[in-house]
Amino acid sequence: MTSVITGDIINSQSVNLPEAYLEQMRATLQVLGKEQKDWEIFRGDSFQVEIKSPLEVFWQCVYIKASLKTMKELDARMAIGLGEKSYDAATISEANGSAFIRSGEVFEKLKREKTNLLINTGNVKLDEELNTYFQLALLTMDHWTPNSAEIVKLSLENPEMNQQQLGELIGIKQNTVSERQKRAGLSQLTDFNKIFQQKIKSIL
């Protein structure tokens, strides 16, 4: 079983320098895998990425969202599909399987339901539960400021670092790091990610 994120960049048209957000998007996705094989950007502001471990897919969505929201006005709308990869091609856009189909199907629901994160695992009851949790998490994540998003991004990139060390990376004090992590809901998101992983393990 694998997982696929299909998404697009919200408000991409309002940014005066599109190369800036594309550079940010590429840098983010390069952390997650190899271009074309594991991820692709298409139509300028849309993307697809395979996360081979379904247990990690929510946390990678958090990372993508945080990376984009470090730039004012930008955000990501993402659809997660879990399932099989029945055809492995040279590029992710040519690959196929239930994970890709489910991700595409739920992506079409995002705009209709006016939300920024949904999942389709193939298990209707589990999807209903996880999507309810996602909507609660989005109450915080959708309102991250660039400072909040930056500290989430740094925290996920450097899980071995303490608050003092994270602060040194961007020139702020330890207590400021603590305040920003708290406003971003990072502790609660970390706790939910553990619950998410337990739920996904039940269907693997």
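Scroll up to find the structure.
The rules behind these values
- Residues numbered from 1 in each chain as written.
- Predicted model: local features only at pLDDT ≥ 70, side-chain atom pairs only at ≥ 80, totals over all residues.
- Heavy atoms only, no water.
- Helix = DSSP H or I, 4+ residues; strand = E, 2+ residues; numbered from the N terminus.
- Rg over C-alpha atoms; globule rule 2.2 N^0.38 Å.
- Contact = heavy atoms within 4.5 Å.
- Areas by Shrake-Rupley, 256 points an atom, 1.4 Å probe, with all protein chains shown as cover.
- Lys, Arg positive; Asp, Glu negative; His and termini not counted.
- Charge placed at Lys NZ, Arg CZ, Asp CG, Glu CD.
- Pairing = 2+ DSSP bridges.
- Axes fitted to C-alpha atoms, helices over the stretch in contact; angles between N-to-C directions.
- Core = buried A, V, L, I, M, F, W, Y, C linked by side-chain atoms within 4.5 Å.
- Buried < 20%, exposed > 50% of the residue type's maximum accessible area, 1.4 Å probe, protein only.
- Salt bridge = Lys/Arg side-chain N within 4 Å of Asp/Glu carboxyl O.
- Phe/Tyr/Trp six-rings, centres within 6.5 Å; stacked < 30°, edge-to-face > 60°.

**Student:** Before we go on, may I ask you to explain the overall build of the protein in this structure?
**Tutor:** Broken down by element type, the protein carries eight helices and five strands. The secondary structure elements of the protein, listed N-terminal to C-terminal, are β-α-β-β-α-β-α-β-α-α-α-α-α. Here the C-alpha radius of gyration of the protein, 16 Å, is about what a compact globule of 204 residues would show, namely 17 Å. Oriented by its inertia axes, the alpha-carbon framework of the protein measures out at about 50 × 40 × 30 Å. Restricting the contact set of the protein to residue pairs at least 6 apart, pairs at least 24 apart contribute 66%. Accessible surface, the protein: about 10,300 Å² in total, of which carbon and sulfur atoms supply 48%. Charge separation in the protein, taken as the distance between the mean sites of 24 positive and 27 negative side-chain charges, equals 4 Å.

**Student:** Is there a simple way to explain the sheet that holds strand β2 (residues 39-42) in this structure?
**Tutor:** Strands pair in a sheet through their backbones, by hydrogen bonds, and they do so in one of two ways: parallel or antiparallel. Spatial ordering of the open sheet is given by β2-β3-β1-β4-β5, a layout of five strands whose pairing is mixed. Because the sheet does not close on itself, it has two edges, and the strands there are β2 and β5 (117-120). Averaged over all neighbouring strand pairs, the angle between strand axes comes to 15°, with direction disregarded. The sheet contact formed by strand β1 (residues 2-10) and strand β4 (residues 75-83) spans nine bridges and is antiparallel.

**Student:** I'm lost on the nonpolar core in this one. Help?
**Tutor:** General note: in soluble globular proteins, nonpolar side chains tend to be found buried as a group. One finds Ile 5, Leu 29, Phe 58, Ile 64, Trp 144, Val 152 and Phe 196 to be the most contacted residues of the largest nonpolar core, which totals 48 residues. Considering every element that reaches this core, the biggest residue donor is helix α2 (residues 57-69), with nine residues. With near-sequence residues (within four places) excluded, Leu 29 lies in contact with Trp 39, Ile 41, Phe 47, Val 49 and Ile 64.

**Student:** Teacher, can you tell me more about unusual backbone geometry here?
**Tutor:** Outside of glycine, negative phi angles account for most residues, and trans bonds account for most peptide bonds. Of note, the phi angle at Gln 36 is positive, near 75°, even though the residue is not glycine. Along the chain, Gln 36 turns up in the loop between α1 (18-32) and β2. Residues other than glycine seldom take positive phi values, yet Lys 114 does so here, at roughly 50°. For Lys 114, the position within the fold is in the loop between α3 (98-113) and β5.

**Student:** Sorry if this is basic, but what is going on with the environment of Ser 187 here?
**Tutor:** Here Ser 187 lies in helix α8 (residues 186-201). When the C-alpha atoms of Ser 187 and Ser 3 are compared, they prove to be 24 Å apart, with 184 residues separating the residues in sequence.

**Student:** Looking at this structure, how should I read the pattern of salt bridges?
**Tutor:** Opposite charge on two side chains lets them pair, provided their charged atoms get close. Going through the model one piece at a time under the given rule, you end up with 13 salt bridges. Note that Lys 65 is salt-bridged to Asp 75, the shortest N-O span being 2.9 Å. With Lys 65 in helix α2 and Asp 75 in strand β4, the pair connects residues that are ten residues apart, well separated along the chain. Summarising the burial analysis for this pair, Lys 65 and Asp 75 share the class buried. Overlapping salt bridges bring together Lys 37, Glu 50, Lys 85 and Asp 88 as one network.

**Student:** What is the right way to look at the pairing of strand β3 (residues 46-51) in this model?
**Tutor:** Working note: regular strand, side chains alternate between the two faces of the sheet. The buried fraction of β3 amounts to six of the six residues, a majority that puts the element mostly inside the structure. Pairing of β1 with β3 involves six bridges; the strand directions are antiparallel. Each residue of the ladder has a partner; that of Val 4, found in β3, is Glu 50. Here β2 pairs with β3 via four bridges, running antiparallel. Pairing of Phe 42 across the sheet is with Ser 46, part of β3. With antiparallel pairing between neighbouring strands as the criterion, β2 and β3 make up a hairpin whose turn holds three residues, including Arg 43 at a positive phi of roughly 55°.

**Student:** Explanation requested: the packing of aromatic side chains in the structure shown.
**Tutor:** When we look at a pair of aromatic rings, we describe it by the centre distance and by the angle of the planes. Applying the stated criterion across every chain yields a total of eight aromatic pairs. Three or more aromatic residues joined by ring pairs form one cluster here, namely Phe 58, Trp 59, Tyr 133, Phe 134, Phe 192 and Phe 196.

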